[in-house]
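Each chain is listed here by its residues.
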Amino acid sequence: MKKFKQVNIVYTIIFLVLVVYLISNIIKFINIHEVNGYDYGIKSIYNTISVYGVFKILPIFLIPAIAVFYRNKLSWMIILVYLYFFIWQIVSYTLYFSPFDDFISIYTVLVLIGILTILFFSIYIMNKAHTISNVYSLDNKKIMLFNLMTCIIGCSISILLAISNNSRYYEGL
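Source: prediction; values computed, not measured.

The rules behind these values
Residues numbered from 1 in each chain as written. Predicted model: local features only at pLDDT ≥ 70, side-chain atom pairs only at ≥ 80, totals over all residues. Heavy atoms only, no water. Axes fitted to C-alpha atoms, helices over the stretch in contact; angles between N-to-C directions. Helix = DSSP H or I, 4+ residues; strand = E, 2+ residues; numbered from the N terminus. Parallel < 35°, antiparallel > 145°, perpendicular 65-115°, else oblique. Left-handed = near helix turned anticlockwise from the far one by under 90°. Contact = heavy atoms within 4.5 Å. Nonpolar A, V, L, I, M, F, W, Y, C, P; charged D, E, K, R; others polar. Core = buried A, V, L, I, M, F, W, Y, C linked by side-chain atoms within 4.5 Å. Buried < 20%, exposed > 50% of the residue type's maximum accessible area, 1.4 Å probe, protein only.

**A few points about the packing of helix α1 (residues 7–36) against helix α3 (residues 58–67)**
The description of two helices packed together rests on the angle between their axes and the distance between the axes. Relative to each other, α1 and α3 sit at 150°, their axes nearing to 9 Å. In terms of orientation, α1 and α3 fall into the roughly antiparallel class. Viewed along their axes, α1 and α3 form a crossing whose handedness is left-handed. The residues of α3 that touch α1, namely those facing Ile 14, Phe 15, Val 17, Leu 18, Tyr 21 and Leu 22, are Leu 58, Phe 61, Leu 62, Pro 64 and Ala 65. Here the contact of α1 with α3 is composed, by residue class, of 11 nonpolar, no polar and no charged.

**Points about the nonpolar core**
Ranked by size, the top nonpolar core spans 33 residues in total, and within it Trp 76, Ile 79, Leu 83, Met 126 and Tyr 136 carry the most contacts. It is helix α4 (residues 73–97) that contributes the most residues to this core, 11 residues altogether. Excluding residues that lie within four positions of it along the chain, Tyr 136 makes contacts with Val 7, Tyr 11, Tyr 70, Arg 71, Asn 72, Ser 75, Trp 76, Ile 79, Met 126 and Thr 131.

What follows is the structure in structure tokens.
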């Protein structure tokens, strides 16, 4: 029997997040159609996706799920960018909503700490020497540089997404 690799935990997390994203957007899509009385024709589906932004950030969730099946430096970097992206999304969510809330529930704080712990543990697993050398066949000498690059890219994508979602003046994305 094959030995269980810890990197499979990270892969499972990536696929679970993709499934949760797809289910929540399918529910959102169905609710939009029911509330507005749309049919499920091609034109109606296209209008719902383009006007309401359903499945707008699907590539952000789909690219790492595809990268799981490849074992090279690029897929390792894509997965780390994905994990850093989520960390920055949680940080931006906390900074954006917490100043406006008078009372933040302990449940919300515990959930955010739990998610951040899972993400940091996933980054730790991806950066272990065993994972780097055996799974992705990378050289250990440039790992810090690659981690810095992936952190900057993940932060940049998160900032761009926050700006495009919260700006009244930006109508592009």
